[in-house]
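Survey of secondary and tertiary structure
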Amino acid sequence: MAYINIPSEEQLPGIRGLMAFSPETAKPLNALAEILLRNPNNTLSQGERELIATYVSYLNNCTFCQMVHGSAAQCYLEDDGSLINQVKKDMLNASISDKMKSLLTIAGAIQKGGKNVTKEHINSAKALGATDKEIHDTVLIAAAFCLFNRYVDGLGTWAPQEASAYLDRGPRIRDEGYANFDPMSYIQKS
Amino acid sequence: MPHISLPEHLPGITGLLEYSQETAQPIRDLTQLLLRGDNTLSQGERELIATIVSYRNGCVFCTNAHTAATDLLLGETETCEIMKQDIDQMPVSDKLKALLKIASLVQINGKAVTPESVELAKSFGATDAEIHDTVLIAALFCLYNRYVDGMATFTPDPQSGFYQQLGERIVNHGYQRLPQGYDHLKKS
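Residues numbered from 1 in each chain as written. Chains lettered and ligands numbered in written order. Predicted model: local features only at pLDDT ≥ 70, side-chain atom pairs only at ≥ 80, totals over all residues. Heavy atoms only, no water.

**Considering the overall build of chain B**
- When helices and strands are counted, chain B shows nine helices and zero strands.
- Its C-alpha radius of gyration of 16 Å places chain B within 12% of the 16 Å reference for a compact globule of 188 residues.
- Seen through its principal axes, chain B has C-alpha atoms that stretch 55 × 30 × 30 Å.
- Going through the 188 residues of chain B one by one, you find that 56% of them count as buried.
- Counting only contacts in chain B whose residues sit at least 6 apart along the sequence, the fraction spanning at least 24 positions is 68%.
- When the accessible surface of chain B is totalled, it reaches about 7,900 Å², and 51% of it is carbon and sulfur.
- Separation of charge centres in chain B, based on 15 positive and 23 negative side chains, amounts to 3 Å. (Helix = DSSP H or I, 4+ residues; strand = E, 2+ residues; numbered from the N terminus. Rg over C-alpha atoms; globule rule 2.2 N^0.38 Å. Buried < 20%, exposed > 50% of the residue type's maximum accessible area, 1.4 Å probe, protein only. Contact = heavy atoms within 4.5 Å. Areas by Shrake-Rupley, 256 points an atom, 1.4 Å probe, with all protein chains shown as cover. Lys, Arg positive; Asp, Glu negative; His and termini not counted. Charge placed at Lys NZ, Arg CZ, Asp CG, Glu CD.)

Below, the structure is given as structure tokens:
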């Protein structure tokens, strides 16, 4: 049970319950997720951006966020789950580009604290072709998931443990996005 | 020097919010709502939450800016300084102390918040909405602090008067972008 009283909590795990509790703050939170993770005007693909979100959520040990965004990343990257697992377990040896590894390294530093990002991290990403905007967006996506993960876990929300519970989430994010997310659409009418 | 090219007349978060106005808008909206919206926590109390999280994240820019805003809203400078040393010694309610302790746990990680820390706040009268807003403000400043330091933005000298001006701006105008922009801050 969450630390606060959430309507239909048993049907609204993770951030869904919090967005039902506080629809006013949900709006800018969803708008931020939409522009960072879905805006088509970005040289990082939606799959790459969801991978950053998944990796940071994994490092923050946030079950709900890493499963939901892992499902979205899997969906965009047409992965059966093995690539996502590789990135979580051993990112530097995963089957992703060197540029992506350098950006995930920056995201991993952000997860620990802003000052952990070094000039070397940035120079290495730039040498591999990362642009200023890609570095900016990587930092902000990682910082945003340090917000989302703390929000979800700091209020003690519940998360399904079985991966199958998240399978539908990836396609829904791909097809519907975040901007108009309505937690109530997940409540099954009896 | 910042890791990417940012407007030189706008240090800390201010340059980032101009560099990327599209992502700035929802961040500004969320901050305005949480720190300035209708709330049973006063604006000064909410700025204290922003300050303690920024202080514990070691983000000098955000700590100085929100200390200045807090001091203006409280009309004194002592409470904020005592908070940084020891929350228990603050001349504030037990409820606010308990909420600041929850915020300090959020700073560490979401899972660091314990049922006991929440029960304590509730026993002093904290409502669900106050606990929710405390956690979300603390989480928001974990974003801001990482954004500001992760991009290695410029941090002005505390003696320069910069933070006093910024504190006045966020107390008097809030967190939305100034309608006229920020060109007037360019040094001639």
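**A look at the overall build of chain A**
- Within chain A one finds nine helices and zero strands.
- Tracing chain A from N to C terminus, the helices and strands come up as α-α-α-α-α-α-α-α-α.
- Computed over the C-alpha atoms, the radius of gyration of chain A is 16 Å, within 12% of the 16 Å expected from 2.2 N^0.38 for a compact globule of 190 residues.
- Every one of the 190 residues in chain A was classed for burial, and the buried ones make up 60%.
- The long-range fraction of contacts in chain A, counting pairs at least 24 apart against all pairs at least 6 apart in sequence, stands at 68%.
- Only carbon and sulfur atoms are counted for the fraction: they give 51% of the accessible area of chain A, which is about 7,800 Å².
- The average position of the 18 basic charges and that of the 21 acidic charges among the side chains of chain A differ by 4 Å.

**Quick notes on unusual backbone geometry**
- The phi dihedral of Ser8(A) falls on the positive side, at around 50 degrees, and the residue is not glycine.
- By the element assignment, Ser8(A) lies in the segment before helix H1 (14-21).
- Phi at Ala152(B) takes a positive value of approximately 55 degrees, unusual for a residue other than glycine.
- Along the chain, Ala152(B) falls in the loop between helix H8 (128-150) and helix H9 (162-172).

**As for the side chain of Asn30(A)**
Residues and elements named next belong to chain A.
- Relative to the elements of secondary structure, asparagine 30 occurs in helix H2 (residues 23-37).
- Taking relative accessible area as the criterion, asparagine 30 reaches 7% and is therefore assigned buried.
- Sequence-distant contacts of asparagine 30, defined by excluding residues within four places in its chain, comprise Met19, Tyr178, Ala179 and Phe181.

**Topic: the packing of helix H3 (residues 43-56) of chain B against helix H5 (residues 78-85) of chain B**
Residues and elements named next belong to chain B.
- Between H3 and H5, whose axes approach to 10 Å, the crossing angle comes to 40 degrees. Classified by the angle between their axes, H3 and H5 sit oblique to one another. Considering how the two elements wind past one another, H3 and H5 form a crossing that is right-handed. Where H3 abuts H5, its residues Leu48, Thr51, Ile52 and Tyr55 lie against Thr79, Cys80, Met83, Lys84 and Gln85. (Axes fitted to C-alpha atoms, helices over the stretch in contact; angles between N-to-C directions. Parallel < 35°, antiparallel > 145°, perpendicular 65-115°, else oblique. Left-handed = near helix turned anticlockwise from the far one by under 90°.)

**What about the pattern of salt bridges?**
Residues and elements named next belong to chain B.
- For the coordinates displayed, the defined rule picks out 15 salt bridges over all chains.
- For lysine 186, the salt bridge identified is with aspartate 183, shortest N-O distance 3.6 Å.
- Judged by relative accessible area, lysine 186 falls into the partly exposed class, the value being 47%. (Salt bridge = Lys/Arg side-chain N within 4 Å of Asp/Glu carboxyl O.)

**A look at the nonpolar core**
- Ranked by size, the top nonpolar core spans 123 residues in total, and within it Leu147(A), Leu100(B) and Leu143(B) carry the most contacts.
- The residues contacting Leu100(B), other than those within four sequence positions of it, are Leu48(B), Ile49(B), Ile52(B), Met83(B), Ile87(B) and Met90(B). (Core = buried A, V, L, I, M, F, W, Y, C linked by side-chain atoms within 4.5 Å.)

**With respect to the packing of aromatic side chains**
Residue and element names in this part refer to chain A.
- The full count for this structure, using the stated rule, is seven aromatic pairs over all chains.
- Relative to tyrosine 166, the ring of phenylalanine 64 has its centre 6.0 Å away and its plane inclined at 65 degrees; by these criteria the two rings are edge-to-face. Residue phenylalanine 64 is located in helix H4 (residues 63-77), and its partner tyrosine 166 is located in the loop between helix H8 (132-154) and helix H9 (169-176); the two are separated by 102 residues in the primary sequence. Across this residue pair, the class does not change: phenylalanine 64 and tyrosine 166 are buried. (Phe/Tyr/Trp six-rings, centres within 6.5 Å; stacked < 30°, edge-to-face > 60°.)

**Structural notes on helix H1 (residues 12-19) of chain B**
- When you tally the buried positions in H1(B), you get seven out of eight residues, the bulk of the element.
- Buried-residue contacts for H1(B) involve H8 of chain A together with helix H2 (21-36), helix H4 (60-74), H8 and H9 of chain B.

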